[in-house]
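Understanding the architecture of this molecule
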Amino acid sequence: MREMLRIGAGAGFSGDRLEPAAVLAERGGIRYLVLECLGERTVALAQLRKRKDPTRGGYDPLLERRIELLLPLLKRHGVRLVTNMGAANPVAAADAIIAIAKAQTTPIRVAVVTGDDVLAKIASDELTLESGTPIAEYGELVSANAYLGAAALLPALQSGADIVITGRVADPSLFLAPMAYEYGWSLDDFDRLARGTSIGHLLECAGQLCGGYYAEPGRKDVPDMAHLGFPYADVDSDGNATLGKVEDTGGCITLATAKEQLLYEVTDPFGYVTPDVVADFSTVTLRETGPNRVEVRGATAKGRPPKLKVSVGHLAGYVGEGEISYGGVNALGRARLAGEIIRQRLGKAFPDMRIDLIGSTSLHGRSFDSREQPYEIRLRVAARAPTPERAMLVGEEVEALYTNGPAGGGGTRKYVQEQIGIVSTLIERAQVPTKVTLREWSRNAQAA
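Below, the structure is looked at part by part. Since we're looking at a predicted model, the values are computed, not measured.

1. What to know about the side chain of Arg66
Note that Arg66 resides in helix H3 (residues 63-77). Asp60 is the oppositely charged side chain nearest to the buried, salt-bridge-free Arg66, at an N-O distance of 4.7 Å. With near-sequence residues (within four places) excluded, Arg66 lies in contact with Gly10, Ala11, Phe13, Ser14, Gly15, Asp16, Arg17, Leu18, Leu35, Cys37 and Met85.

2. Section: the environment of Arg371
Relative to the helices and strands, Arg371 is located in the loop between strand E15 (354-358) and strand E16 (376-385). Assessed through its relative accessible area of 71%, Arg371 is described here as exposed. Taking the C-alpha atoms as reference points, Arg371 and Tyr32, separated by 339 residues in sequence, lie 54 Å from one another.

3. Details of the packing of aromatic side chains
Throughout the structure, instances matching the rule amount to three aromatic pairs. With centroids separated by 5.9 Å and ring planes inclined at 75°, the aromatic side chains of Tyr213 and Tyr264 adopt a geometry described as edge-to-face. Here Tyr213 is found in the loop between helix H7 (190-203) and strand E7 (231-235), whereas its partner Tyr264 is found in the loop between helix H8 (255-263) and strand E9 (272-273), with 51 residues between them in sequence. Under the relative-accessibility criterion, Tyr264 is labelled partly exposed at 22%. Just above the ring of Tyr32 sits the side chain of Arg31; from NZ or CZ to the centre is 5.3 Å. A cation over a ring is seen here: Lys220 above Tyr214, with NZ or CZ 4.5 Å from the ring centre.

4. Structural notes on the sheet that holds strand E13 (residues 300-301)
What holds strands together in a sheet is hydrogen bonding between their backbones, with the strands either parallel or antiparallel. Spatially, three strands are ordered E9-E10-E13 in an open sheet, and the strand pairing comes out antiparallel. Two strands bound the open sheet, and with one partner strand each, they are E9 and E13. For strand E10 (residues 278-280) and E13, the ladder comprises two bridges, and the chain directions are antiparallel. From the neighbouring strand, Ala279 faces E13, where its bridge partner is Ala301.

5. Some remarks on the pairing of strand E4 (residues 108-114)
Among the seven residues that make up E4, five are buried, leaving the element largely enclosed by the rest of the structure. With seven bridges connecting them, E4 and strand E18 (residues 435-441) associate as antiparallel partners. In the sheet register, Ile108 faces E18, and the bridge partner there is Trp441. Relative to strand E6 (residues 163-165), E4 is paired through three bridges, and the arrangement is parallel. Bridging across to E6, Val112 finds its partner in Ile165.

6. Let's talk about the pattern of salt bridges
One side chain can pair with another of opposite charge once the charged atoms of both are near each other. Tallied over the entire structure, the rule returns 23 salt bridges. Across the pair Arg192 and Asp189 runs a salt bridge whose closest N-O atoms are separated by 2.8 Å. Exposure remark for Arg192: the relative accessible area of 23% places this residue in the partly exposed category. In this structure Asp189 comes out as partly exposed when scored by relative accessible area, which is 24%. Ionic pairing is found between Asp356 and Arg354, a salt bridge with its closest N-O pair at 2.7 Å.

7. Considering the packing of helix H1 (residues 19-27) against H3
Where H1 meets H3, the closest approach of the two axes is 9 Å, and the angle between their N-to-C directions is 15°. The orientation of H1 with respect to H3, classified from their angle, is roughly parallel. The crossing of H1 and H3 is left-handed. Contacts from Ala21, Ala22, Ala25 and Glu26 of H1 reach H3 at Leu69, Leu70, Leu73, Leu74, Arg76 and His77. Class assignment for the residues of the contact of H1 with H3 results in seven nonpolar, one polar and two charged.

8. Side note on the environment of Asp188
Turning to its location among the elements, Asp188 is positioned in the loop between helix H6 (171-183) and H7. Asp188 sits 116 residues away from Arg304 along the chain, and the two C-alpha atoms are 8.6 Å apart. A polar contact of 3.5 Å, which involves the side chain of Asp188, links it to the side chain of Arg304.

9. Focus on the side chain of Arg168
Turning to its location among the elements, Arg168 is positioned in the loop between E6 and H6. In this structure the side chain of Arg168 is engaged in a polar contact, spanning 3.4 Å, whose partner is the backbone oxygen of Leu38. Those residues in contact with Arg168 that lie beyond four places of it in its chain are Glu36, Leu38, Gly39, Glu40, Asn84, Asp116, Asn145, Ala146, Tyr147 and Leu148.

10. Considerations on the sheet that holds E4
Read across the open sheet, the ten strands follow the order E11-E12-E8-E7-E1-E2-E3-E6-E4-E18; overall the sheet is mixed. A single partner strand is all that each edge strand has here, and the edge strands are strand E11 (285-290) and E18. Each neighbouring strand pair of the sheet contributes to a mean axis angle of 25°, computed without reference to strand direction. Together, strand E1 (5-11), strand E2 (32-35) and E7 form the strand contacts of H1, whose direction differs from that of E1 by roughly 160°.

11. What about unusual backbone geometry?
Phi is positive for Thr105, which is not a glycine, with a value near 50°. Thr105 sits in the partly exposed class, given a relative accessible area of 40%. Non-glycine residue Asp248 carries a positive phi angle of around 65°. Within the secondary structure layout, Asp248 lies in the loop between strand E8 (241-245) and H8.

12. Description of the state of the cysteines
Applying the stated criterion across every chain yields a total of zero disulfides. Not part of a disulfide, Cys37 finds its nearest cysteine sulfur in Cys205, a span of 12 Å. Between Cys252, a cysteine without a disulfide, and Cys210, which holds the nearest cysteine sulfur, the sulfur-to-sulfur distance is 8.0 Å. Overall, the relative accessible area of 12% leaves Cys252 in the buried class.

Thresholds applied
Residues numbered from 1 in each chain as written. Predicted model: local features only at pLDDT ≥ 70, side-chain atom pairs only at ≥ 80, totals over all residues. Heavy atoms only, no water. Helix = DSSP H or I, 4+ residues; strand = E, 2+ residues; numbered from the N terminus. Buried < 20%, exposed > 50% of the residue type's maximum accessible area, 1.4 Å probe, protein only. Lys, Arg positive; Asp, Glu negative; His and termini not counted. Salt bridge = Lys/Arg side-chain N within 4 Å of Asp/Glu carboxyl O. Contact = heavy atoms within 4.5 Å. Phe/Tyr/Trp six-rings, centres within 6.5 Å; stacked < 30°, edge-to-face > 60°. Lys NZ or Arg CZ within 6 Å of the ring centre and 35° of its normal. Pairing = 2+ DSSP bridges. Axes fitted to C-alpha atoms, helices over the stretch in contact; angles between N-to-C directions. Parallel < 35°, antiparallel > 145°, perpendicular 65-115°, else oblique. Left-handed = near helix turned anticlockwise from the far one by under 90°. Nonpolar A, V, L, I, M, F, W, Y, C, P; charged D, E, K, R; others polar. Polar contact = N/O pair within 3.5 Å; in protein donor to acceptor, adjacent residues only side chain to side chain. Disulfide = S-S within 2.5 Å.

Okay, here's the thing in structure tokens:
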């Protein structure tokens, strides 16, 4: 039993910055470092990479760089790492970690949690949560990953592993598992699980809690964002916590940043559903206890969901894009003309084509400023196609606007990208057994 457990958030998405995690490991006084690097689309794209290279593909693209930076710090300061950087291939990710440990001559034990990949278990007539239509109507599936909870991670933590690496685990559960392990919480103690889930949710986006994605000059100023720190939580045995960040790092933790993060991506604050618990965030209280210190208490529970959510990825064809810029007087008028030219040339072949005037209409679909006179506009045209060759036509026509469109166009860009669509469904818990596999290396033994 520990009087207080300190857990740090070292990443909030796959492409997050590397340095703040190192600062937490070196100067944060943390016991656990959590790297949350997986999203719905991220895991589907990882499945595509795995299909191309089953032995090395499918885990997080930045895994090697993060581990090379962090491993010496984790070992030196006795910090355990929990992460979902395994994405679509946690076993290959563990092997990559072992290779780094061997190169650094650092003894390591890695626990791999698998079982979230349920592609072989999803029936084609399962209905999607988004539309109620059968999954089969979406075409070829490339992935189906169930959201695991803290229960799947506990055996890995019990193994004594230095690093626990997983695939699709619900974001707050990555933080909840160390709390439940260290304090011996029952997985039926739903109110404690709800409080732990609220803490995990506050931490899961890392820099956002410290003012990233919050800042607005003149209205919501955040200091020294160039050196934005990432947060940690000091958690007690009842699941109450105080949020903080490392001294002399940028950003701030305030009631305002905590409130925004608490509600971030929460459709129903009265029933936030995770694999572990349905948490009621409406009972949460936040209290500022000092500079960059916010106390979190009071989440309650409404039981546990009977089924697990599954994120399903399917092939959605290709998107062809083209961009060109117009600057100077009447830039908006010339960009509108260019867009209309493309619509007349390609509209019949691509009925769902999207034309954006970046700087005027691209965010909200229209301008709300009747007097707008922007000095520069970038035209973006995009359309879906079943083949990359057909998708390329979009960019080719935009490029042709150089000499076949309005005056002054320049800076063209064209590209084609394969698209993965994402839908969701549910699966019975009994259909998602999990497994822990250990990988180890020491100077006296080879990797297991």
